[in-house]
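# Results of the structural survey
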Amino acid sequence: MEFDHFSYGWITPVVAYLISVLGSLLGLRCTSHARLAEWPVGWLGAAAISLGGAGIWVMHFTAMLGFSIPGATIRYDVPMTLLSAAIAIVFVWIGLSIVVRGRREIVALPIGGAITGLGVAAMHYLGMFAMKTGMDMEYALGTVALSIVIAVVAATAALWFMLHVRGLLATVGAATIMGLAVCGMHYTGMYSMHAAHSSHHAAVTPDSGVEPTQLLTPLIVTITLVLMMLVILVGFAEIDERSTRDERLDREPRDPAAHWPTTDEVRNRQSADWGLRQPAPQRGRPAQRADNPIGDAGSARDVRMPRPVADRRGSQRIAQIDA
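## A closer look at the overall build of the chain
- A tally of regular secondary structure across the chain gives 8 helices and 6 strands.
- Taken from the N to the C terminus, the helices and strands of the chain come in the order α-α-β-α-α-β-β-α-α-β-α-α-β-β.
- Considering the chain as a whole, with its 323 residues, one finds that 37% of them fall into the buried category.
- Looking at the chain alone, contacts between residues at least 24 apart form 82% of all its contacts between residues at least 6 apart.
- Carbon and sulfur atoms make up 63% of the accessible area of the chain, which totals about 20,100 Å².

## Observations concerning the environment of tyrosine 76
- Relative to the elements of secondary structure, tyrosine 76 occurs in strand β1 (residues 75–76).
- Between the C-alpha atom of tyrosine 76 and that of glycine 127, which follows or precedes it by 51 residues, the distance is 8.5 Å.

## Comments concerning helix α6 (residues 168–191)
- Taking 1.5 Å of rise per residue, 24 residues should cover 34 Å, and α6 covers 35 Å from first to last C-alpha, within 8% of that figure.
- Residues of α6 that are buried: Thr171, Ala174, Ala175, Met178, Gly179, Val182, Cys183, Met185, His186, Thr188, Gly189 and Met190.

## Re the side chain of threonine 81
- Tracing the backbone through its elements, the reader meets threonine 81 in helix α3 (residues 78–101).
- According to the relative accessible area criterion, threonine 81 is buried, its value standing at 7%.
- If we ignore the near neighbours within four places in the chain, the residues touching threonine 81 are Trp57, Tyr76 and Ala130.

## Focus: the pattern of salt bridges
- One pass over the structure, following the stated rule, counts 1 salt bridge.
- A salt bridge links glutamate 211 to arginine 75, with the nearest nitrogen and oxygen atoms 3.5 Å apart. With glutamate 211 in the loop between β4 (193–197) and α7 (216–251) and arginine 75 in strand β1, this residue pair connects regions lying 136 residues apart in the sequence.
- Given the relative accessible area of 32%, glutamate 211 is considered partly exposed.
- Residue class for arginine 75 comes out buried when judged on its relative accessible area of 12%.

## Section: the packing of aromatic side chains
- All told, the structure shown has 6 aromatic pairs when counted by the stated rule.
- Ring centres of phenylalanine 6 and tyrosine 187 lie 5.8 Å apart, and the angle between their planes is 25°; on these two criteria the pair is classed as stacked. Within this pair, whereas phenylalanine 6 is found in the segment before α1 (11–36), its partner tyrosine 187 is found in helix α6, the two being separated by 181 residues in sequence.
- Exposure remark for phenylalanine 6: the relative accessible area of 36% places this residue in the partly exposed category.
- One aromatic cluster is present, built from ring pairs that chain together Phe6, Trp10 and Tyr187.
- In this structure, lysine 132 is placed above the aromatic ring of phenylalanine 129, and the distance from its NZ or CZ to the ring centre is 5.0 Å.

## Here's the deal with the packing of α1 against helix α5 (residues 141–164)
- Contact pair α1 / α5: the axes reach a minimum separation of 8 Å and the direction vectors enclose 50°. Regarding the angle of α1 to α5, the classification is oblique. Read as a crossing pair, α1 and α5 show a hand that is right-handed. For the pair α1 and α5, contact is made by Gly27, Leu28, Thr31 and Arg35 and by Ala158, Phe161, Met162 and Leu163, respectively.
- Looking at the contact of α1 with α5 residue by residue, the classes come out as 5 nonpolar, 2 polar and 1 charged.

## Some details on the side chain of serine 97
- Turning to its location among the elements, serine 97 is positioned in helix α3.
- Looking at serine 97, the relative accessible area reads 12%, which means it is buried.
- Here serine 97 is in contact with Leu44 and Gly102, once residues within four sequence places are set aside.

## Observations regarding the packing of α1 against helix α2 (residues 41–64)
- Two elements in contact, α1 and α2, have axes whose closest approach is 8 Å; the angle formed by their N-to-C orientations is 170°. One way to sum up the angle between α1 and α2 is to call them roughly antiparallel.
- The class makeup of the residues in the contact of α1 with α2 is 15 nonpolar, 10 polar and no charged.

Analysis parameters
- Residues numbered from 1 in each chain as written.
- Predicted model: local features only at pLDDT ≥ 70, side-chain atom pairs only at ≥ 80, totals over all residues.
- Heavy atoms only, no water.
- Helix = DSSP H or I, 4+ residues; strand = E, 2+ residues; numbered from the N terminus.
- Buried < 20%, exposed > 50% of the residue type's maximum accessible area, 1.4 Å probe, protein only.
- Contact = heavy atoms within 4.5 Å.
- Areas by Shrake-Rupley, 256 points an atom, 1.4 Å probe, with all protein chains shown as cover.
- Expected span 1.5 Å × (residues − 1).
- Salt bridge = Lys/Arg side-chain N within 4 Å of Asp/Glu carboxyl O.
- Phe/Tyr/Trp six-rings, centres within 6.5 Å; stacked < 30°, edge-to-face > 60°.
- Lys NZ or Arg CZ within 6 Å of the ring centre and 35° of its normal.
- Axes fitted to C-alpha atoms, helices over the stretch in contact; angles between N-to-C directions.
- Parallel < 35°, antiparallel > 145°, perpendicular 65-115°, else oblique.
- Left-handed = near helix turned anticlockwise from the far one by under 90°.
- Nonpolar A, V, L, I, M, F, W, Y, C, P; charged D, E, K, R; others polar.

And the structure:
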């Protein structure tokens, strides 16, 4: 039986991708602050909620809103759905903690990426198991394995971005790539699923769970509040970091040779002394005075001076006499 992944058109995949990019962006910034903080636990928790909660789980559920099976009713087991969200957040937090606190990146990065990727895959397939359709669900093992590999590679790349990305443009670029990787893993996993009518499965009843639209309102309210809090938190942290950096630069002594002097600096100095120093006197020879351009004691023996010389016509002219 064929599935319809885009029952609402391109609205659900586009919205899911944008949410994944926003969650990845906030996760990158929170991790950047965690690397610089003395107590990074809070920032790591915020990064796990941003990436694991919004960037991965919310993206997954938003994309599932557009999923439908012709002739079947879909309901979700709420406790199992919330458990999948908790798994995504916890595994992302474990991976981030290993990478940020690890001393050797070459060892910590693959371990953290593997743990995070396996957690993302577990979240995805647990969310699929929480979906009640009254049909037999089967999975192609090859495609499932491919989706797990994509999840591990995408998680490793995301953790690498969180360690090395600097600057606003680079962070936005990394977040767009992470969003593509998360969406690619989701739809690859969905492509591995097949359904068939079953006679021994009980029909889907209201007691089986809630409809996807019934989760939409609390989901939107929760996501909006969490993302707003994270945006405000990251924004205040960015402002505080910039102010601290400016104050530190103002307290540092300035090298006159490394910057252009201000008007006050020039006014408070003697223009004759600023940047001008007389050369050190040589050994055995007195220093040359600034008001004596001739040299030592004004000796004419070392300087050739012009003097007047009379020609046959009685006029005077200046000539250079060579010694």
